[in-house]
Amino acid sequence: MQSTDIVLKRTSNSDPDFKYLICHLDQYLAVINGEQNAFYAPNNVLDPLDTAVIAYFDEKPVGCGCFKKFNNSSIEIKRMFVDPAMRGKGIASKILNELENWAKEKGYSQTVLETGVKLDDANALYRKQGYKIIPNYGKYAGVETSVCMTKSLSGQ
C-alpha cells in the first residue's frame, strides 16, 4: 500500500462510515481507558458537525477525525482514529493534515486537542506533526490521564 492509495473524504459526523469508525474507536478506548472511560465517554459525544474527514483504502473506511469550534480563532481536533490493522502507514497524518487545512480554510489559526497519556501512538503522531503540550484545559484540567496540546496553523 502506498499513501496515494488513501482517499480522503470531507463529510459530516452523521456519515455512516464515520459512525462505523467511531463505534470501533469507542470500543478501543473503553479497553485502553478502563475505569476512566466513564469520565471520557461523555466528552466524546459530539453535536452534529460538518467538519469530519474519513480515510478510505480500497473503498473501505479505515480512519477518521473531525474538528469543532473551540473559540473564535481555534478549533479542537476530535475523534481521531485509524483501524489498528492499518496503522503505521501515514493515514493518521493525512487525516490530521486535511483537518488542519480545512480549519485554515475556515479562518482558524490554532488547534487544540486532548489525548490520553496511555495512547502512545497518538502522542507520537501529534508531536511529530508539531503539536506542543499545554496545560490541560476545560474538563481535562487536573486530569492526570489526559494530555492537551496545541499547534499554530499560521506557520503551515
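Residues numbered from 1 in each chain as written. Predicted model: local features only at pLDDT ≥ 70, side-chain atom pairs only at ≥ 80, totals over all residues. Heavy atoms only, no water.

A few points about the side chain of Thr115
Definition in use: Counting from the N terminus, the helices are DSSP H or I runs at least four residues long and the strands are E runs at least two residues long. Here's how the labels work: a residue is buried when its accessible area is under 20% of the maximum for its type, exposed when over 50%, partly exposed in between, all with a 1.4 Å probe on protein chains only. Two residues qualify as a contact provided that any one of their heavy atoms is within 4.5 Å of a heavy atom in the partner residue.
As for its placement among the helices and strands, Thr115 is situated in strand 5 (residues 110–116). Using a relative accessible area of 5% as the deciding quantity, one classes Thr115 as buried. Setting aside anything within four residues of it in sequence, one finds Thr115 in contact with Ala122, Asn123, Tyr126, Thr145, Ser146 and Val147.

Some details on helix 4 (residues 120–128)
Let me state the cut-off plainly: The arc under discussion is defined with respect to the helix axis, by the directions toward the C-beta atoms.
For helix 4, every residue scored as buried is listed here: Asn123, Leu125 and Tyr126. Taken end-on, helix 4 shows its buried residues confined to a sector of 160°, consistent with a single buried face. Residues of helix 4 that are exposed and point more than 90 degrees away from the buried face comprise Asp120, Asp121 and Lys128. Phi turns positive one or two residues past the end of helix 4, at Gly130, with a value near 95°.

Quick look at the sheet that holds strand 6 (residues 132–134)
Across a sheet, strands are paired by hydrogen bonds formed along the backbone, either parallel or antiparallel in direction. The criterion, for reference: Note: two strands are recorded as paired if DSSP finds a minimum of 2 bridges between them. Axes, fitted as lines to C-alpha atoms, cover a helix only where it is in contact. Angles between the N-to-C directions of the axes lie from 0 to 180 degrees.
Ordered in space as 1-2-3-4-5-7-6, the 7 strands form an open sheet in which the pairing is mixed. Here the strands that pair on one side only, and so sit at the sheet edges, are strand 1 (6–11) and strand 6. Taken over all neighbouring pairs, the strand axes of this sheet differ in orientation by 30° on average, direction set aside. In this structure, strand 4 (residues 74–82) lies alongside strand 5, joined through 4 bridges in parallel fashion. Bridge assignment links Glu76 to a residue of strand 5, and that residue is Val112. Against the sheet, helix 3 (residues 91–105) touches strand 1, strand 2 (52–57), strand 3 (60–69), strand 4, strand 5 and strand 7 (146–152), its axis set at about 155° to strand 4. This element, helix 4, spans strand 4, strand 5 and strand 7 of the sheet and lies at about 160° to strand 5.

Some thoughts on the nonpolar core
The cut-off we apply is this: Each nonpolar core is a collection of buried residues, namely Ala, Val, Leu, Ile, Met, Phe, Trp, Tyr and Cys, held together in the definition by side-chain atoms within 4.5 Å.
Formed by 25 residues in total, the largest nonpolar core has its most connected members in Ile77, Met80, Ile91, Ile95 and Tyr126. Put simply, the parts of the chain that give this core at least two residues each are strand 2, strand 3, strand 4, helix 3, helix 4 and strand 7. The dominant element in this core, judged by the number of residues it contributes, is helix 3, at 6 residues. Not counting chain neighbours up to four residues away, the residues in contact with Ile77 comprise Cys66, Phe67, Leu96, Leu99, Thr111, Val112, Leu113 and Tyr131. Counting 13 residues, the second largest nonpolar core, distinct from the first, contains Leu25, Ile54, Cys64 and Leu119.

Structural measurements only, silent on function.
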